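# Residue-level structure breakdown
Here are the chains, one letter per residue:
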Amino acid sequence: PRTHLVFLKTHKTGGSSVVNLLHRFGEARGLRFALPHRYQFGYPSPFRAERVKGYRPGGPPFDIICHHMRFNLTEVQKVMPNDSFYFSIVRDPGTLGESAFAYYRAVAPAFRRAPSLAAFLAAPGRFYEAGARGNHYARNLQWFDFGLPAAEDGVAVEAALAGLERVFALVLLAEHFDESLVLLREALCWPEEAVAAFAHNGRPAGDGPRVSPAQAARLRAWNSLDWALYTHLNRSFWRRAEAFGAARLREEVARLRQRRTALAHHCLQGGGPLPARAIPDGRLRPFQPPGRAQILGYALRAGLPPTERERCARLATPELQYKDILDRRQFGGGNASVPP
């Protein structure tokens, strides 16, 4: 199994669910995580090695890095072994933009000034000011997270994307999350059960407006660099899926979904996600962002035996609280579970 892993956790793409399975895999095997001093590596500034807790030049490398950063390859290489497997996840900006608007309404001035997503999309230039603090959430957020350079034309875009593919061995697709986990499992030589995970950081199905086809088209146009990134990586993903084998992929996805359903039935109160207010255990209650977005979490079923309760709790533990668990294991300390 591959154990030297660099996961670039991009925003609003399903990355929290990937982080949970990395946390569980690493913790179970006693791997060493490159952890931030708080909860992000100085984001939105580019990543620097000294942002890693316990890092010292020439010291032992870490096994896994997976918390939010703005990617900076040279600095990541100071922290991680040379044989590390680099991977990430992307999402269609036609839906990511709506999610970012709901989640980052309080911190992105461009979103805060707009009375609604429809108003923002009607004339984004009225609300958006390039370079304003927090506005990286409002345009080409994935391009920003990958640390890619400004690209003014198609040649520069293609050069940036070619460089990205030289670094990242696999980029998952949020819209095909289960297929992505299967391809990741194969690339890492992990057992099938290692990639069974619950969805984290999700919103209720009816929470807030979803986008119309016309709004999705406007979001893609506004986030044109993200759209170029997504379409390029989408093609790469399906080439890899074709090499894996369509029938084999369908079969393994079906097994993954069956395993997840069984785990949810066994572990979870109500068999699925709940609003934060319905989760009595604060260790399992997800962080709620300022603004209107409501984030779901999980409560454990009563009567689980102690060992099963511990296993189920790890599947249900939100990212911030799990980071604190790993921090205590590695350093004997920890932070209060509050955002940076």
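As recorded by an unreviewed UniProt entry, the protein chain carries the name G3ST4 sulfotransferase and is attributed to Spizaetus tyrannus. As stated in UniProt under Subcellular location (unreviewed entry), the record for the protein chain gives "Golgi apparatus membrane". Regarding the protein chain, the relevant UniProt record gives this comment under Sequence similarities (unreviewed entry): "Belongs to the galactose-3-O-sulfotransferase family."

In terms of helices and strands, the protein chain carries 14 helices and seven strands. Since a compact globule built from 340 residues should have a radius of gyration of about 20 Å, the 20 Å found for the protein chain is in line with a globular shape. With 340 residues in all, the protein chain has 54% of them scored as buried. Taking the intrachain contacts of the protein chain between residues at least 6 apart in sequence as the baseline, contacts between residues at least 24 apart amount to 74%. Accessible area for the protein chain stands at about 14900 Å²; split by element, carbon and sulfur atoms hold 53% of it. Where the 46 positive side-chain charges of the protein chain centre and where its 30 negative ones centre are 5 Å apart.

In spatial order, the strands read β2-β3-β1-β4-β5; together these five strands make up an open sheet with parallel pairing. A single partner strand is all that each edge strand has here, and the edge strands are β2 (33-34) and β5 (170-173). One ladder, built from four bridges, connects strand β1 (residues 5-8) with strand β4 (residues 85-90); its direction is parallel. Note that in β4 the partner of L8 across the bridge is S88.

A separate point is the state of the cysteines. Evaluated as defined, the whole model comprises one disulfide. At a sulfur-sulfur separation of 2.0 Å, the disulfide partner of C267 is C312. Around the S-S axis, the bridge from C267 to C312 shows a dihedral of about -65 degrees and counts as left-handed. Of this pair, C267 sits in helix α12 (residues 246-267) while C312 sits in helix α13 (residues 306-316), and the two are 45 residues apart along the sequence. Take C267 and C312: they sit in the same class, and that class is buried. Of all cysteine sulfurs, the one in C66 lies closest to C189, which takes part in no disulfide; the gap is 20 Å.

Turning our eyes to something else, we now look at helix α11 (residues 224-244). When the terminal C-alpha atoms of α11 are compared, their 30 Å separation across 21 residues agrees well with the 30 Å that a helix rising 1.5 Å per residue should span. Turning to α11, its buried residues number three or more, namely L225, D226, A228, L229, Y230, H232, L233, S236, F237, A241 and F244. Following α11 by one or two positions, G245 has its phi on the positive side, about 110 degrees.

How each quantity is defined
- Residues numbered from 1 in each chain as written.
- Predicted model: local features only at pLDDT ≥ 70, side-chain atom pairs only at ≥ 80, totals over all residues.
- Heavy atoms only, no water.
- UniProt positions renumbered as here; feature names shortened; annotations may be inferred.
- Helix = DSSP H or I, 4+ residues; strand = E, 2+ residues; numbered from the N terminus.
- Rg over C-alpha atoms; globule rule 2.2 N^0.38 Å.
- Buried < 20%, exposed > 50% of the residue type's maximum accessible area, 1.4 Å probe, protein only.
- Contact = heavy atoms within 4.5 Å.
- Areas by Shrake-Rupley, 256 points an atom, 1.4 Å probe, with all protein chains shown as cover.
- Lys, Arg positive; Asp, Glu negative; His and termini not counted.
- Charge placed at Lys NZ, Arg CZ, Asp CG, Glu CD.
- Pairing = 2+ DSSP bridges.
- Disulfide = S-S within 2.5 Å.
- Expected span 1.5 Å × (residues − 1).

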